[in-house]
Amino acid sequence: MLLLPFSHAIGLLVPPSKNNQRPSLDNLQQCLSYELGANDVLFLTIKSIEKLQSQDLNLLILDSVGNKLRDQPNLERFASPIELIINPQGVTDEGDIPLELKDRDLPPSKLVHICFYNTFNDLSWSFKPRTYEFEINVNIKDDIKTTDYQVYKQFFAYLDKDLNEGEFDNKMNMVALDLDNIVAKLHNSDDVLKELLNHEFKLRDTNEEIFSGYTFISIVLCATIGVCGAIQLLYYILYLRRVVK
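This one's a predicted model, so the numbers in the text were calculated from it and none came from an experiment. (Residues numbered from 1 in each chain as written. Predicted model: local features only at pLDDT ≥ 70, side-chain atom pairs only at ≥ 80, totals over all residues. Heavy atoms only, no water.)

## Digging into the sheet that holds strand β4 (residues 40-46)
Defined as follows: Paired strands, in this sense, are two strands between which DSSP finds at least two bridges. To qualify as a helix, a DSSP run of H or I must reach at least 4 residues; to qualify as a strand, a run of E must reach at least 2; elements of each kind are numbered from the N terminus. Every axis in this analysis is a line fitted to C-alpha atoms, fitted for helices over the stretch in contact. Angles between the N-to-C directions lie between 0 and 180 degrees.
Sheet architecture is open: four strands sit in the order β2-β9-β4-β7, paired in antiparallel fashion. Looking at strand neighbours, the two that pair on one side only are β2 (10-14) and β7 (82-86), the edges of this open sheet. When strand polarity is set aside, the average angle formed by the axes of neighbouring strands in this sheet is 25°. Taken together, the five bridges between β4 and β7 define a ladder with antiparallel strand orientation. Within β7, the position partnered with L44 by the bridge is L84.

Right, here's the structure in full:
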């Protein structure tokens, strides 16, 4: 179990469950836990999930006493991102939420465990289940009907007018765009680094080839000089023996 007060854009790895075991209060190894107050609203977005052969990614949301707040199997069958709203006051916006993912009210000031588990139905010896990799966005707001956006004004430079919901969303979109640009630059830097490493490997291989060739030529020259010297020495020895006789 991982207890988080507020999170955004979490990358998750969900390995295959042993014996297709479901999460529970005694088994929260693959769960993210949040504490919601009486007026808190939790927004959960699950990005598109890759379909794996003979495997299913399932969602189970529990409260602190083990009640099922959401039980949705086969998340990978949804082509578009899944938007969920968990609202203790029963205020929901179900416009784009699938019928299978309707919201339920939560008891106030309770832990909420968001659990994912990876099951498979192919039991053949050759089948090797894979790990699901996906991303979720979690956002917790304190009563969206009475949110005071002025408290966020200090985080935005060059903002003279009062901050409202629309302006806040625009600023957050700009921040998201800046982050996307930074990520793109990091990817470009990673590509440049890989290219430099490839050049380094090529130069290293070239240097090793040159050194190997130089070593071989040096050995051949030394051997040739040694053989020639030995032949000359042998010739002088034989010549001197004849002269002495």
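## Quick notes on the UniProt feature "transmembrane region" (unreviewed entry) in the protein
Short version of the rule: UniProt positions are given in the numbering used here, feature names are shortened, and annotations may be inferred rather than shown by experiment.
The feature "transmembrane region" (unreviewed entry), as given by UniProt, occupies residues 214-238 in the numbering adopted here. Within the segment residues 214-238, helix and strand shares are 100% and 0% respectively, and the terminal C-alpha atoms sit 36 Å apart.

## Focus on the packing of aromatic side chains
Test applied: Aromatic pairing here means that ring centres of Phe, Tyr or Trp (its six-membered ring) are within 6.5 Å. Orientation follows from the plane angle: under 30 degrees is stacked, over 60 is edge-to-face, and everything else is tilted.
Under the definition given, this model contains four aromatic pairs. Plain terms: the ring middles of Y235 and Y236 are 5.7 Å apart, the flat faces sit at 65° to each other, and that makes the pair edge-to-face. Both rings, one in Y235 and one in Y239, keep their centres 6.3 Å apart while their planes meet at 15°; by these two values the pair is stacked. Of the two residues, Y235 and Y239 both sit in helix α1 (residues 165-244), four residues apart, roughly one turn of that helix.

## So, a nonpolar patch on the surface
Where we set the bar: For patches, a residue must show more than 30% relative accessible area and have no salt bridge; joins then use 9 Å for like charges and 5 Å for nonpolar side chains, namely Val, Leu, Ile, Met, Phe, Trp and Tyr. In these tables, accessible area is a Shrake-Rupley quantity obtained with a 1.4 Å probe, and a residue counts as shielded only by the protein chains included in the view. Criterion for a salt bridge: a side-chain nitrogen of Lys or Arg within 4 Å of a carboxyl oxygen of Asp or Glu. Note on exposure labels: buried denotes an accessible area under 20% of the residue type's maximum, exposed denotes more than 50%, and partly exposed covers the range between, all computed with a 1.4 Å probe on protein chains only.
Residues M172, V175, L179, I182 and L186 make up a contiguous nonpolar surface patch of about 440 Å² in total accessible area. Looking at the secondary structure, you find V175 in helix α1. We classify V175 as partly exposed; its relative accessible area is 34%.

## Some thoughts on the state of the cysteines
Quick reminder of the rule: Here, the term disulfide refers to a pair of cysteine sulfur atoms separated by no more than 2.5 Å.
Summed over all chains, the structure comprises one disulfide. Between C31 and C115 runs a disulfide, and the two sulfur atoms are separated by 2.0 Å. Measuring handedness by torsion sign, the sulfur bridge of C31 and C115 sits at about 110° and is right-handed. Here C115 lies in strand β8 (residues 110-120) and C31 lies in strand β3 (residues 31-36), a separation of 84 residues in the sequence.

## Some details on α1
As a reminder, the rule being used: Here the expected span of a helix is defined as 1.5 Å times the quantity of residues minus one.
Taking 1.5 Å as the rise per residue, α1 with 80 residues should run 118 Å; its terminal C-alpha atoms sit 116 Å apart, in good agreement. Listed in full, the buried residues belonging to α1 are E167, F168 and K171.

## Details of the pairing of strand β5 (residues 55-63)
Extensive coverage of β5 is indicated by the burial of eight of its nine residues. Strand direction decides the pairing type here: β5 and β8, joined by nine bridges, are antiparallel. The residue bridging L59 from the neighbouring strand is F116, located in β8. Relative to strand β6 (residues 68-72), β5 runs antiparallel, the two sharing four bridges.

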